[in-house]
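# Summary of the model geometry
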Amino acid sequence: MSSEDTKTLSDIFDLSETLYAAMSDVNVNVHEKIFIHLTELGRLLVNADRASFWKWDKMSHTLWTMTATGLDGEMNRIEIPDDTGLVGKSLHDGKVFITNDPYNCPYFNSSVDKKTGYVTKSILTMPVANVNGEFIGAYQVINKLDEDGCFDEKRDCKKLSLAAVLCGLALESDVFLEESHTDRLTRLRNRMGFFNDFHKKYDAIANDPNRSLSLFICDIDKFKSVNDTYGHNIGDEVLRHASSILMQHCNPGDGVYRWGGEEFIMLMADADMEKCRIKAEEVRLFMEQNDCEAKDGDNEYTVHHTMSFGVTTFDPNKTIEENISVADEKLYTAKETGRNRVVS
C-alpha cells in the first residue's frame, strides 16, 4: 500500500471516529453531522476537490443541497428544478454521469463558475437509492485531484459507492423521521412534530425571562356538518384550505401544527398575549372572508367556514400539556359564546 493510500485510509478512520463521537452526543444535530461527514468521506475516497450531497424532493419537483464540502466559507442552500443540471440528469436516467469536459456538456450549468472564478474540470454524479431501489438523492464530486484530473467510471464509482450507500441509508432515515412528524393530509407538522420542535426550538424561549412564547389553538367551526353536507373529500379540502391560510400567516421562527382532527396550533416566538391575539384575529378574519373552493369529481363547491381561537402566553411553571389546556379552555369559551371569535 502506498503512503498516499495509507494517508487516505487514516483520514477515513479519523472521519469515522468523529462521526461516531457526533452520533453519541445528545447535543449535536446528528442527521446534519452525518451528512457533512459522509459527504467528506466521499470526497476523500475518490480524491476530489469538492463534494456535495443532494436530496430529491419529488413532491415539489426540486433538488437541493443537504451538504457540500471543499468550499471556502459557508454554503447557502442551492435549490434547482429536478429536471435540470447534472444531478437531475443522473437521477432521471438512474445512472452514474461523468464528464471530464463540463464546459462542453449540455447539462452543466457554468453560472456558478462564472460568478466565483472556479474552474470545473471533471464531475462525477452518482444517484443514491433507498432500500426499495427508489432514487432519493445524488452524490456529486468535482475536480479529480489525481495527475490526469479525470474521473474513471469503474474505479471511482467503486470507491464512491461506499459513501453513496451510507448516505442513502442516512437520507432514508432522515426522510422517515420527517414523515413521522408530518401530517399526510395537510403537510403541516403533526403532534409528534410539535413536541419535537418544542424541545428543540421553543423550550429555551419559554424559559428565558427576557423572552416570551405564546400560542393559540383553533378549530374549524361546525366541521362535522361540512363532512355531513359535502362528504369527506370536501372536508379534506377544507382542512387543507385552513392549513394553507395558517401557513400564510406564520412568521419565520413560528410554527403551525395540526393538533388533531380539525384542531390546529400556532406557536409564536417572542410574542406576548396581545401580539398573539392580534395574529389570531388576522387569521380568523381572513378565514371568514375567503371561502374554500373545492372539487369532488365533476362537482364543484364553495364552502364557507369559520374558526374559533383560544390564546395564551406560555407559563414555564406549567407543562406543555397544561399550557395547551389553558388555551383549549379559552377555545371552548369561544365555541360556547357564538363561535368565529378569539378569546385570550
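Residues numbered from 1 in each chain as written. Predicted model: local features only at pLDDT ≥ 70, side-chain atom pairs only at ≥ 80, totals over all residues. Heavy atoms only, no water.

Okay, the packing of aromatic side chains next. Aromatic ring pairs are defined here through the distance separating the ring centres and the angle between the ring planes. Tallied over the entire structure, the rule returns 13 aromatic pairs. Ring centres of Phe-195 and Trp-259 lie 6.0 Å apart, and the angle between their planes is 45°; on these two criteria the pair is classed as tilted. With Phe-195 in helix H6 (residues 191-206) and Trp-259 in strand S8 (residues 255-260), the pair connects residues that are 64 residues apart, well separated along the chain. Here Phe-216 and Phe-309 contribute two aromatic rings whose centre-to-centre distance is 5.4 Å and whose plane-to-plane angle is 75°, an arrangement assigned as edge-to-face. On the criterion of sequence distance, the pair formed by Phe-216 in strand S7 (residues 213-220) and Phe-309 in strand S12 (residues 307-313) is long-range, its members being 93 residues apart. One exposure class covers both Phe-216 and Phe-309, and it is buried. Joined through ring pairs, the aromatic side chains of Phe-194, Phe-195, Phe-198, Tyr-202, Tyr-257, Trp-259 and Phe-314 make up one cluster. In this arrangement the basic side chain of Arg-50 is found over the ring face of Tyr-118, its NZ or CZ atom lying 3.6 Å from the centre. (Phe/Tyr/Trp six-rings, centres within 6.5 Å; stacked < 30°, edge-to-face > 60°. Helix = DSSP H or I, 4+ residues; strand = E, 2+ residues; numbered from the N terminus. Buried < 20%, exposed > 50% of the residue type's maximum accessible area, 1.4 Å probe, protein only. Lys NZ or Arg CZ within 6 Å of the ring centre and 35° of its normal.)

Take a nonpolar patch on the surface next. Residues Val-131, Leu-162, Val-165, Leu-166 and Leu-169 make up a contiguous nonpolar surface patch of roughly 440 Å² in combined accessible area. Structurally, Val-165 is set in helix H5 (residues 153-180). For Val-165, a relative accessible area of 52% gives the class exposed. (Patch = residues over 30% accessible without salt bridge, like charges linked within 9 Å, V, L, I, M, F, W, Y side chains within 5 Å. Areas by Shrake-Rupley, 256 points an atom, 1.4 Å probe, with all protein chains shown as cover. Salt bridge = Lys/Arg side-chain N within 4 Å of Asp/Glu carboxyl O.)

Backbone-to-backbone hydrogen bonds join strands into a sheet, with any given pair of strands oriented parallel or antiparallel. Taking strand neighbours across the sheet as the criterion, the five strands line up as S8-S9-S7-S12-S13 in an open arrangement whose pairing is mixed. What marks the edges here is a single partner per strand, and that holds for S8 and strand S13 (342-343). Of the strand pairs in this sheet, S8 and strand S9 (residues 263-269) are connected by five bridges, and their pairing is antiparallel. Of the residues in S9, the one forming a bridge with Tyr-257 is Ile-265. (Pairing = 2+ DSSP bridges.)

Sheet architecture is open: six strands sit in the order S3-S2-S1-S6-S5-S4, paired in antiparallel fashion. Since the sheet does not close on itself, it has two edges, and those belong to strand S3 (79-81) and strand S4 (97-99), each with one partner. Taken pair by pair, the neighbouring strands of this sheet meet at an average axis angle of 20°, ignoring direction. Of the strand pairs in this sheet, strand S1 (residues 48-57) and strand S2 (residues 62-69) are connected by seven bridges, and their pairing is antiparallel. By the bridge assignment for S2, Trp-54 is matched with Thr-65. Sheet contacts for helix H3 (residues 85-93): S1, S2, S4, strand S5 (123-129) and strand S6 (135-144); angle to S5, the most-contacted strand, approximately 45°. (Axes fitted to C-alpha atoms, helices over the stretch in contact; angles between N-to-C directions. Contact = heavy atoms within 4.5 Å.)

With that settled, consider the pairing of S9. Taking burial as the measure, the seven residues of S9 include six buried ones, the bulk of the element. Across seven bridges, S7 lies against S9 in antiparallel orientation. Each residue of the ladder has a partner; that of Ile-217, found in S9, is Ile-265. Taking the residues that link successive antiparallel strands as the turn, the S8-S9 hairpin has two residues, and the phi of Gly-261 there is positive, at about 55°.

With the exception of glycine, most residues fall at negative phi, and the peptide bonds are largely trans. Positive phi values are uncommon outside glycine, yet Lys-222 reaches one of about 50°. Note on placement: Lys-222 falls in the loop between S7 and helix H7 (223-230). Lys-222 sits in the exposed class, given a relative accessible area of 55%. Positive phi, normally seen in glycine, also occurs at Asn-340, with a value near 50°. Its place among the elements puts Asn-340 in the loop between helix H10 (320-336) and S13. In this structure Asn-340 comes out as buried when scored by relative accessible area, which is 19%.

The subject of this paragraph is the packing of H6 against H10. Following both chains from N to C, one finds H6 and H10 inclined at 115°, their axes separated by 12 Å at the closest point. Classed by the angle they form, the pair H6 and H10 counts as roughly perpendicular. As for the relative orientation of H6 and H10, their crossing is right-handed in sense. Residues Phe-194, Phe-195, Phe-198 and His-199 of H6 pack against Ile-320, Glu-321 and Ile-324 of H10. Considered class by class, the residues forming the contact of H6 with H10 number five nonpolar, one polar and one charged. (Parallel < 35°, antiparallel > 145°, perpendicular 65-115°, else oblique. Left-handed = near helix turned anticlockwise from the far one by under 90°. Nonpolar A, V, L, I, M, F, W, Y, C, P; charged D, E, K, R; others polar.)

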